[in-house]
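Below, each chain spelled out in residue letters.
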Amino acid sequence: MRVLILGVDGYIGWALAQRLATRGLDLYGVDNFFTRRRVKEVGSDSVLPVPSIGRRLQLFRGFYGRGIKFFRGNVADPEFLYSVFKEAKPDVVYHLAEQRSAPYSMIGLKQANETMVTNLVSTINLVYAAKDVNPNVHIIKLGTMGEYGTPNIDITEGFFDIEFRGRKDTLPFPRSAGSWYHWTKVHDSNNLMFANRLWKLKITDVMQGVVYGTEIKEIEKSRLFTRFDIDEVWGTALNRFAAQAVVGLPITPYGKGEQKRGFLSLEDSISCLTIALEKPPKDGEYRVLNQFDQYYSVNYLADTVREVFRELTGKDARIKHVENPRVEAEDHYYNPDHKKLYELGYKPSGELKKDIKKIIEDLLEYEEKCKELKSVIMPRTYWRKSSGL
Ligand code: USQ
């Protein structure tokens, strides 16, 4: 089977490639190093070492005995994507090549536009390339749980049944995102649904929660680390909390800290993405999978990181509720469904505290690097202050 990973140099993409290498698949990868560049722009860097792509690919081939055929370029460039499709002839394509940071999209108009264009255009290019070059390809597209927002009712997986003024229908679950970034994923979902209606493309739209962790099983052996970001723009909640404890900064629940999100480990993210490939939808089907393990409040995660850090190091980490830079509900009802992946065979791999311990251990190994980044960890991107021209 030929598998194309768009965004193979990223946090998820690099780990996924390693899992798929153990499944004996033919791997093709695309990246334009957007994340590497933009992370540098905010004065940050990956805490775990990420060599040049040439070196990465060489080490990959050395360890797994099979390579990734790599194409450097931008998925938002249609000629480039069509040429990759023609050469790789993928049976499955993962689209992980979007701008992935909510804070980055909220810095200002330039970043908002860049996020809109990169994300929406790349997905439109993908469905056209699929239709024209390989209409049987299975598209696995990374969306986000953040598409749904935090409504005061249960959240279903993609669609819900409604009775209104005496009539019934099944409709897309209402979306209500909380950043320009999250809205791009909503727009992508709409575009994917329409492409499916037009051309009967086979699509899995993954509503993924917040991913945490430094490693997956394969990385424990290969030591071919994936990137790990801890700054306020590119780092995400639990990963940042672990880094804050390690560098001696306060752990920062934003506002009241009772905001809840679905979370899953990197190991589980990769398992679920592999299940999506191994258990594809029917020909012509558009399916939505809510991909997370458990939902937690930010306060719960902050407390748990502090507890694990104390058990591991004997030192105390401080928790400080800082002014919320975002515009979001800080205390709300949250009850999203996540049945479908379990029905397809997903079994969560670990236990939160063990996973946090592993992150802290890895960060302690790279403590100097974490400390170098101390000045870019505390929040400074405020949604309401997003700058214009
Ligand atoms: N938060 C804090 N303190 C921090 C950082 C974050 O309280 O220091 C809070 C935020 O206010 C938010 C929650 O934690 O309520 C999650 O924030 P996050 O930065 O961990 O994640 P988010 O911006 O939502 O985005 C991340 C990924 C994105 C993915 C999304 C899944 O960057 O690519 O789509 O998680 S989800 O959150 O389910 O939409």
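Only a predicted model underlies this, so the values are computations on that prediction, with no experimental measurement involved.

Some thoughts on the overall build of the protein chain
Right, on to step 1. Per the secondary structure count, the protein chain includes 14 helices and 12 strands.
Right, on to step 2. At 20 Å, the protein chain has a C-alpha radius of gyration in line with the 21 Å of a compact globule built from 389 residues.
Right, on to step 3. In terms of principal-axis extent, the alpha carbons of the protein chain reach across some 60 × 55 × 50 Å.
Right, on to step 4. Put simply, the protein chain has 389 residues, and 58% of those count as buried.
Right, on to step 5. The contacts in the protein chain between residues at least 6 apart in sequence include a share of 82% that link residues at least 24 apart.
Right, on to step 6. Counting every atom, the protein chain has about 16,500 Å² of accessible surface; 50% of that belongs to carbon and sulfur.
Right, on to step 7. Charge separation in the protein chain, taken as the distance between the mean sites of 57 positive and 51 negative side-chain charges, equals 2 Å.

What about the site of the ligand?
Right, on to step 1. Of all residues adjacent to the ligand, which total 22 residues, the nearest are T144, Y181, A237, T252 and E328.
Right, on to step 2. G146 places a main-chain nitrogen or oxygen 2.9 Å from an oxygen atom of the ligand.
Right, on to step 3. In this structure, Y254 approaches the ligand through a main-chain N or O atom, which is 2.8 Å from an oxygen atom.
Right, on to step 4. In the complex, the protein chains occlude 94% of the 730 Å² of accessible area that the ligand would expose alone.
Right, on to step 5. Those elements giving two or more residues to the shell around the ligand turn out to be α7 (180-199) and α9 (237-247).
Right, on to step 6. With 3 residues, α9 is the largest single contributor of residues to the shell around the ligand.
Right, on to step 7. Grouping the amino acids of the shell around the ligand by side-chain chemistry returns 9 nonpolar, 8 polar and 5 charged.

Thoughts on the pattern of salt bridges
Right, on to step 1. Counted according to the given criterion, the structure contains 32 salt bridges.
Right, on to step 2. Between E98 and K141 there is a salt bridge whose closest N-O contact spans 3.6 Å. Placement of the pair is E98 in the loop between β4 (92-95) and α5 (102-105) and K141 in strand β5 (residues 138-144), with a sequence separation of 43 residues.
Right, on to step 3. The class for K141 is buried, based on a relative accessible area of 1%.
Right, on to step 4. Residues K185 and E98 are paired through a salt bridge, measuring 3.1 Å at the closest nitrogen-oxygen approach. With K185 in helix α7 and E98 in the loop between β4 and α5, the pair connects residues that are 87 residues apart, well separated along the chain.
Right, on to step 5. Classification of E98 by relative accessible area gives buried; the value is 8%.
Right, on to step 6. Connected through salt bridges with shared partners, the residues R19, K217, E218 and E267 form a single ionic network.

Concerning unusual backbone geometry
Right, on to step 1. With a phi close to 65°, F33 is a non-glycine residue in the positive phi region.
Right, on to step 2. Considering the arrangement of structural elements, one finds F33 in the loop between β2 (26-31) and α2 (34-41).

Quick notes on the packing of helix α1 (residues 11-21) against helix α10 (residues 266-278)
Right, on to step 1. Two numbers describe how α1 lies on α10: the axes approach to 10 Å, and their chain directions differ by 60°. One way to sum up the angle between α1 and α10 is to call them oblique. Crossing handedness for the pair α1 and α10: right-handed. Here Y11, I12, A15, L16, R19 and L20 of α1 lie close against α10, whose contacting residues are L266, E267, S269, I270, S271, L273 and T274.
Right, on to step 2. Here the residues of the contact of α1 with α10 are counted per class, giving 8 nonpolar, 3 polar and 2 charged.

The rules behind these values
Residues numbered from 1 in each chain as written. Predicted model: local features only at pLDDT ≥ 70, side-chain atom pairs only at ≥ 80, totals over all residues. Heavy atoms only, no water. Helix = DSSP H or I, 4+ residues; strand = E, 2+ residues; numbered from the N terminus. Rg over C-alpha atoms; globule rule 2.2 N^0.38 Å. Buried < 20%, exposed > 50% of the residue type's maximum accessible area, 1.4 Å probe, protein only. Contact = heavy atoms within 4.5 Å. Areas by Shrake-Rupley, 256 points an atom, 1.4 Å probe, with all protein chains shown as cover. Lys, Arg positive; Asp, Glu negative; His and termini not counted. Charge placed at Lys NZ, Arg CZ, Asp CG, Glu CD. Near = heavy atom within 4 Å. Polar contact = N/O pair within 3.5 Å; in protein donor to acceptor, adjacent residues only side chain to side chain. Nonpolar A, V, L, I, M, F, W, Y, C, P; charged D, E, K, R; others polar. Salt bridge = Lys/Arg side-chain N within 4 Å of Asp/Glu carboxyl O. Axes fitted to C-alpha atoms, helices over the stretch in contact; angles between N-to-C directions. Parallel < 35°, antiparallel > 145°, perpendicular 65-115°, else oblique. Left-handed = near helix turned anticlockwise from the far one by under 90°.

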